[in-house]
Amino acid sequence: MIEDTLSYQDLMRIAFEENNLPHKLHIVSNGESALKFLRREKPYCNVPRPDLILLDLNLPKINGHELLKTIKEEPKFKIIPVIILTSSNAQKDIIKSYNLKANCYLNKPYNLQELINLVKISLNFWLNYSQLPQN
């Protein structure tokens with residue numbers, strides 16, 4: 001997950017716990033750290049390749065659209081599904097995200113129970129039903 005807002009990071013951790021997800025949640029707080037994580041650069045040398053990326057659009061250093069473009073242009077990363085999880089419901093952001101090859105666009109709920117349900121439904125689909133490339 002690439003998210004700079006601490007409260008959403010905490011909510012996502014709770015949502016993972018509440019849904020008993022067997023997958024490990026890794027969180028970075030900006031686009032620059034996300035690229036280091038994906039490229040396994042210091043301090044992320046021993047991290048696994050993500051099966052799925054949850055991406056906020058409003059990020060410091062490298063914004064979500066720029067990061068999405070980079071991810072989808074790099075051969076090693078472009079097959080990783082990217083779910084935009086953002087507070088923006090602006091049509092320009094939705095269109096731009098899909099044009100940059102986002103796999104899904106979701107609005108962040110402001111309620112914990114709604115977030116838990118959204119995580120349950122969306123991650124269940126992406127991690128348990130869709131066929132993802134193996135690492």
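Residues numbered from 1 in each chain as written. Predicted model: local features only at pLDDT ≥ 70, side-chain atom pairs only at ≥ 80, totals over all residues. Heavy atoms only, no water.

**Q** Whenever I open this one, the pattern of salt bridges confuses me. Can you help?
**A** Between side chains of opposite charge, a pair can form as their charged atoms come close. For the structure shown, the criterion picks out seven salt bridges. The closest approach of N and O atoms between Glu32 and Lys61, which form a salt bridge, is 3.7 Å. Placement of the pair is Glu32 in helix H2 (residues 31-39) and Lys61 in the loop between strand E1 (53-55) and helix H3 (64-73), with a sequence separation of 29 residues. A salt bridge links Glu73 to Lys69; its shortest N-O distance comes to 2.7 Å. In this pair, Glu73 and Lys69 are both assigned in helix H3, four residues apart and thus about one turn of the helix distant. Among the residues examined, Glu73 registers a relative accessible area of 51% and is labelled exposed. A single salt-bridge network, built from bridges that share partners, covers Glu3, Asp56 and Lys108. (Salt bridge = Lys/Arg side-chain N within 4 Å of Asp/Glu carboxyl O. Helix = DSSP H or I, 4+ residues; strand = E, 2+ residues; numbered from the N terminus. Buried < 20%, exposed > 50% of the residue type's maximum accessible area, 1.4 Å probe, protein only.)

**Q** Looking at this structure, I do not really get the confidence of the model for the protein. What am I missing?
**A** For any part of a model where pLDDT is low, the fine detail of the predicted coordinates should not be relied upon. Here the protein averages 91 in pLDDT, while 99% of its residues score no lower than 70. In the model of the protein, helix H5 (residues 112-129) stands out as the element of lowest mean pLDDT, 85, in contrast to helix H4 (residues 91-99), which has the highest, 98. (pLDDT = per-residue confidence, 0-100.)

**Q** Whenever I open this one, H2 confuses me. Can you help?
**A** A turn of α-helix holds 3.6 residues, and therefore any two residues three or four places apart point the same way. Residues of H2 that are buried: Gly31, Ser33, Ala34, Leu35, Phe37 and Leu38. On the buried face of H2, the contacting elements are E1 and H3. N-cap assignment for H2: the residue whose side-chain oxygen lies 3.0 Å from the backbone N of Glu32 is Asn30. One or two positions beyond H2, positive phi appears at Arg40, with a value near 60 degrees. (Contact = heavy atoms within 4.5 Å. Polar contact = N/O pair within 3.5 Å; in protein donor to acceptor, adjacent residues only side chain to side chain.)

**Q** Sorry if this is basic, but what is going on with the side chain of Lys108 here?
**A** Relative to the elements of secondary structure, Lys108 occurs in the loop between strand E3 (104-107) and H5. Under the relative-accessibility criterion, Lys108 is labelled buried at 7%. Among the polar contacts listed, one links the side chain of Lys108 to the side chain of Glu3, at a separation of 2.6 Å. If near-sequence neighbours (up to four positions away) are discounted, Lys108 is found in contact with Glu3, Tyr8, Asp56, Leu85, Thr86 and Ser87.

**Q** Explanation requested: the pairing of strand E2 (residues 82-86) in the structure shown.
**A** The two faces of a sheet get side chains in turn, since along a regular strand they alternate between them. Counted residue by residue, E2 has five buried out of five residues, so it is predominantly covered. By the alternation rule, side chains of E2 split into Val82, Ile84 and Thr86 and Ile83 and Leu85, which are all buried. With three bridges connecting them, E1 and E2 associate as parallel partners. Of the residues in E2, the one forming a bridge with Ile53 is Val82. With respect to chirality, the unit in which E1 leads through H3 into the neighbouring parallel E2 is right-handed. Sheet analysis places E2 next to E3, joined by four bridges and oriented parallel. Residue pairing across strands places Leu85 opposite Leu106, the latter belonging to E3. Handedness of the crossover is the feature at issue here: the chain leaves E2, passes through H4, returns alongside E3, and the resulting connection is right-handed. (Pairing = 2+ DSSP bridges. Right-handed = clockwise from strand over helix to strand, strands pointing away.)

**Q** In this structure, what is going on with the nonpolar core? I would like to understand it.
**A** One recurring pattern in soluble globular proteins is that nonpolar side chains are buried together. Judged by nonpolar contacts, the single largest core of 24 residues is most densely connected at Ile2, Ile53, Leu55, Leu67 and Ile84. Among the elements of the structure, H2, E1, H3 and E2 are those that each provide at least two residues to this core. It is H2 that provides the largest number of residues to this core, a total of four residues. The residues contacting Ile53, other than those within four sequence positions of it, are Ile2, Leu38, Ile71, Ile80, Pro81, Val82 and Ile83. With 21 residues, the next largest nonpolar core counts Ile83, Leu118, Val119 and Trp126 among its residues. (Core = buried A, V, L, I, M, F, W, Y, C linked by side-chain atoms within 4.5 Å.)

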